[in-house]
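Examination of the molecular architecture
One letter stands for each residue in the lines below.
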Amino acid sequence: MEISLTDRRLPGESRSAWFRYPDGARAFVAILDEQKEEPVHSHIIGFEREEPRMAGTVEVALRWRASHDERVRSFANSRPTDGGTHERGFRDGVAAAVTAYARERRLLTATDPDLEADRIGEGLTAVVSVKLDHPEFEGSTRGWLGNAAVRACVEQAVQEHLGKWLEGHPEQAAAVIDRIIQGARRD
């Protein structure tokens, strides 16, 4: 991501600032996590994927920290959103990947319910960004993304990528899953 700003309000005194984040959403998660609690896992999990079914791309980055706070930021066409189908798909995808991994590893018993999307957020820092050819904003401030196809596409992309990460990082995955399961059992 690259942003260049020029302030030309005063003639002859223009000022420019240039911001460049070659790692996109991963860099944003790192900034949001600066000087916060220790990470539960060291890697910032991230991916970008083009998705023809929603006529756009999805970029996601996330990391869990030893915190109770959730910091999830969502964007549609670089515009901050208050939520919407992309954020719901993200949460559903994370819950599905974590639940599948926990069941496969028998970290959840047969009687334990699936981990719901609202249970995965403790300590989570995430950035969810979609770029769409035809975004459909809703609400009085037009801050809610309503594209129906986006939810399923983001959910599938997150579930696949996070599932692969969990499989490839078993020690870090166990720490993440344990944290989520213990939080769910406390509630």
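Residues numbered from 1 in each chain as written. Predicted model: local features only at pLDDT ≥ 70, side-chain atom pairs only at ≥ 80, totals over all residues. Heavy atoms only, no water.

Summing up its helical and strand segments, the chain has four helices and ten strands in all. Ordered by position in the sequence, the α and β elements of the chain form the string β-β-α-β-β-β-β-β-α-β-β-β-α-α. Expressed as lengths along the three principal axes of its C-alpha atoms, the size of the chain is roughly 70 × 35 × 30 Å. Residues classed as buried in the chain amount to 44% of the 187 residues present. At a minimum sequence separation of 6, the contacts of the chain that also span at least 24 residues come to 68%. For the chain, the distance from the average site of its 26 positive side-chain charges to the average site of its 32 negative ones is 2 Å. (Helix = DSSP H or I, 4+ residues; strand = E, 2+ residues; numbered from the N terminus. Buried < 20%, exposed > 50% of the residue type's maximum accessible area, 1.4 Å probe, protein only. Contact = heavy atoms within 4.5 Å. Lys, Arg positive; Asp, Glu negative; His and termini not counted. Charge placed at Lys NZ, Arg CZ, Asp CG, Glu CD.)

This part takes up the pattern of salt bridges. This structure, assessed with the given rule, holds 15 salt bridges. Asp 92 is the partner of Arg 88 in a salt bridge, and the nearest nitrogen-oxygen pair spans 3.6 Å. In this pair, Arg 88 and Asp 92 both sit in helix H2 (residues 85-104), four residues apart, roughly one turn of the helix. A residue is classified by how much of its surface remains accessible, and Arg 88, at 33% relative accessible area, is partly exposed. Overall, the relative accessible area of 15% leaves Asp 92 in the buried class. (Salt bridge = Lys/Arg side-chain N within 4 Å of Asp/Glu carboxyl O.)

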